[in-house]
Amino acid sequence: MKRINFTNTTAQKIYDDYFKRVGRCIKILSADDQLEISMELNSHVYEAIQGAAVQDEIAILVDTLEKLGPPEEVLQPLVAEKKVAQAGRSFNPKHIIQALFLNVNRGAAYFLIALGYLLIISFGSLIIFKLISPSHTGLFVKDGHFYAFGHTSIVPPGASELLGNSFIFIVILLMGLFYFINTMLFRLMNRK
Amino acid sequence: MNAEFVQNWFSQVKKGTLSYIILIILDEKEYYGYELVQEIKTHTHIDVAEGTLYPLLNRLKAEGLVESRWVEQESGIPRKYYVLSKDGQATLAEMKNIWSSLDMAIKKIQK
C-alpha cells in the first residue's frame, strides 16, 4: 500500500499512528483482507485531504480521522464478518475459533456452533480415554438395551462393551461429521 | 417532547435505512467510498459515521447486492468503486415497493 506523505511531521505521525492502530485491529485477518481494508481507508483519507478547502494538513487529517472513527470501534464488525468468511473458506480450526470469539454476540447460531466444537473436543478426549481405560470406554449395552456411549467409571454387572477398538474409528468419524456440519453452518451464515 | 426518545428513534431509523439509501445512490452510477459518503450527506443531511460505511458496504457485497473494483489513480492511491449488481437492482426494486407501501400506510394513519 502506498502511504500518504505529509509535509508536516506531526501530521505524518498522526497518520502513521492511525494506520498502526488499523494494522493491529486487522492483523487477525488474511493478508489479502488486511491489504484491502488498509487500502480502502487510505484511499478515504487521501480523497478527504484532496477535497478539503483548508490547507492546514493537521486540521484536515484530524477532522478526517475523527469522522472515520477509532479503528478499534469501526473495524470490529468488518473484522468479525471477514473472519467468518475466512473460517467458512478455510476449514481451519484456528480461524473458526477466532471467528467464534469475534462473533460471540451474534446469537444462538454461534452458540450452536460452539456446542458443536465442544462435542468434537469431547469425542477427541474419548479416544484418549479408550487408550488409557479400554474396558470403561466405548458403547455399552445392558440386558439388550443401550446403556452408555463414552466413558463410565463404573461398568455395572451385565453390561458389555460392543465396539472394542472400532470405537476409536467411530469416534473419529463422528468428529469429522460434526466438523463438516459446523463448517457448512459457517458457510450458510456467511451467505445470509 | 421527549428529545432523548426522538433521538434514539432517529438513530434506529438511520441505521435501518442507510443500506436502502446506499443502494439507491449506487443505482445511478458507481461511487468510491469517500464520494459515496459525500453523496449521502448532500442528499439526506444524515451525519454518517464515515467509518461505519465500509462494514456496511462489505455486507452488501457479501450479500451480492453490490460489486466493487479497484481503479488505479495517477496519485498511486487507487479508489475502490462500488456499483449495484443485477441482484442488487432487483432487490432495490422490491425495497422501493415496500418503502412506498409503508409510506402510504403511515400517511393514511396520520390523517
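J.: Kindly report on the overall build of chain B, identifying the contributing residues and their values.
T.: The helix and strand tally for chain B stands at four helices and three strands. For chain B, the sequential pattern of α-helices and β-strands runs α-β-α-α-β-β-α. Considering only C-alpha atoms, chain B reaches an extent of 55 × 30 × 20 Å along its principal axes. Intrachain contacts of chain B at a sequence separation of at least 6 include 46% that bridge at least 24 residues. Accessible surface, chain B as shown: approximately 6900 Å² in total, 55% of it carbon and sulfur. If the 14 positive side-chain charges of chain B are averaged to one point and the 15 negative ones to another, these points end up 4 Å apart.

J.: Summarise the overall build of chain A; cite the residues concerned and give the values.
T.: A tally of helices and strands in chain A yields eight helices and three strands. Tracing chain A from N to C terminus, the helices and strands come up as α-α-α-α-α-α-α-β-β-β-α. Its C-alpha atoms put chain A at 90 × 30 × 20 Å along the principal axes. By the burial criterion, 42% of the 192 residues in chain A qualify as buried. Carbon together with sulfur atoms contributes 65% to the accessible area of chain A, which is approximately 10800 Å² in total. Distance between charge centres in chain A, computed from 18 positive and 16 negative side chains, equals 8 Å.

Parameters and conventions
- Residues numbered from 1 in each chain as written.
- Chains lettered and ligands numbered in written order.
- Predicted model: local features only at pLDDT ≥ 70, side-chain atom pairs only at ≥ 80, totals over all residues.
- Heavy atoms only, no water.
- Helix = DSSP H or I, 4+ residues; strand = E, 2+ residues; numbered from the N terminus.
- Contact = heavy atoms within 4.5 Å.
- Areas by Shrake-Rupley, 256 points an atom, 1.4 Å probe, with all protein chains shown as cover.
- Lys, Arg positive; Asp, Glu negative; His and termini not counted.
- Charge placed at Lys NZ, Arg CZ, Asp CG, Glu CD.
- Buried < 20%, exposed > 50% of the residue type's maximum accessible area, 1.4 Å probe, protein only.

Keep in mind these numbers describe shape, not what the thing actually does.
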